[in-house]
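As a plain string of letters, each chain reads:
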Amino acid sequence: MPKFVTQADANRGFEFQVYDDTGEKVDWFISVVGVDSDAYREKQNEQKRRNIANINRTRSLAIGLGNAESDAIELLAASTTGWRGTEAIAPYSHAEALRIYTDFPQVREQVDRAVGERANFLPKAATSS
């Protein structure tokens, strides 16, 4: 039987452990929702509307393309619901998520993988075979 993630599954979220640049686990666990979640889709739609408005206003694709990295960071911060652990770089807040995902691309990459991997959001009973 095929296993698919629903929007409700993606909204439920997933927690993963962060690794440092040497590949060692650190005491930092980040909780995220998936690409099919309400939070992810709402932020993505907001960004699309803003970018279309900017393109229509300026008649240039350059502004929209220039926002690609900041849009990606905003999307991941919107998908982050919290974190815990003694080795977290800072206490969780949306503003700190934006800062950390900007200043620490290696953390941003881990968040991006966790958010985008739909299998992370499968109901636990569906993952055991």
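Residues numbered from 1 in each chain as written. Predicted model: local features only at pLDDT ≥ 70, side-chain atom pairs only at ≥ 80, totals over all residues. Heavy atoms only, no water.

1. Details of the pairing of strand E2 (residues 25-32)
Part 1 of the argument: For E2, the buried fraction is high: six of the eight residues fall into the buried class.
Part 2 of the argument: Where strand E1 (residues 14-19) meets E2, five bridges bridge the pair, whose relative direction is antiparallel. Bridging across to E2, Gln 17 finds its partner in Phe 29.
Part 3 of the argument: In sequence, E1 turns back onto E2 through a hairpin of five residues, with Gly 23 there showing a positive phi of about 90°. (Buried < 20%, exposed > 50% of the residue type's maximum accessible area, 1.4 Å probe, protein only. Helix = DSSP H or I, 4+ residues; strand = E, 2+ residues; numbered from the N terminus. Pairing = 2+ DSSP bridges.)

2. As for helix H6 (residues 105-116)
Part 1 of the argument: Between its first and last C-alpha, H6 extends 16 Å over twelve residues, near the 16 Å set by a 1.5 Å rise per residue.
Part 2 of the argument: In this structure, the buried side of H6 is in contact with E1, E2, helix H2 (38-58), helix H4 (68-79), strand E3 (80-84) and helix H5 (94-103). (Expected span 1.5 Å × (residues − 1). Contact = heavy atoms within 4.5 Å.)

3. Digging into the packing of H4 against H6
Part 1 of the argument: The contact between H4 and H6 brings their axes to 10 Å, and the two run at 65°. For the pair H4 and H6, the sense of crossing is left-handed. Taken together, the residues of H6 that come into contact with H4 (itself represented by Glu 69, Ile 73, Leu 76 and Ser 79) are Arg 108, Val 111, Asp 112 and Val 115.
Part 2 of the argument: Broken down by class, the residue content of the contact of H4 with H6 amounts to four nonpolar, one polar and three charged. (Axes fitted to C-alpha atoms, helices over the stretch in contact; angles between N-to-C directions. Left-handed = near helix turned anticlockwise from the far one by under 90°. Nonpolar A, V, L, I, M, F, W, Y, C, P; charged D, E, K, R; others polar.)

4. Section: a negative patch on the surface
Part 1 of the argument: On the surface, a cluster of negative charge is contributed by Asp 20, Asp 21, Glu 24 and Glu 87.
Part 2 of the argument: Residue classification places Asp 21 among the exposed positions, given a relative accessible area of 61%. (Patch = residues over 30% accessible without salt bridge, like charges linked within 9 Å, V, L, I, M, F, W, Y side chains within 5 Å. Areas by Shrake-Rupley, 256 points an atom, 1.4 Å probe, with all protein chains shown as cover. Salt bridge = Lys/Arg side-chain N within 4 Å of Asp/Glu carboxyl O. Lys, Arg positive; Asp, Glu negative; His and termini not counted. Charge placed at Lys NZ, Arg CZ, Asp CG, Glu CD.)

5. Let's talk about the pattern of salt bridges
Part 1 of the argument: Using the criterion set out here, one finds ten salt bridges in the structure.
Part 2 of the argument: Across the pair Arg 50 and Asp 71 runs a salt bridge whose closest N-O atoms are separated by 2.2 Å. With a gap of 21 residues between them, Arg 50 in helix H2 and Asp 71 in helix H4 connect regions that are remote in the sequence.
Part 3 of the argument: Measuring nitrogen to oxygen at the nearest pair gives 2.8 Å for the salt bridge that ties Arg 99 to Glu 96. Here Glu 96 and Arg 99 lie together in helix H5, a separation of three residues that amounts to about one turn.
Part 4 of the argument: Of the residues examined, Arg 99 reaches a relative accessible area of 34% and is grouped as partly exposed.
Part 5 of the argument: Each member of the salt-bridge network shares a partner with another, and the members are Asp 36, Arg 41 and Arg 118.

Just geometry here; none of it tells us what the structure is for.
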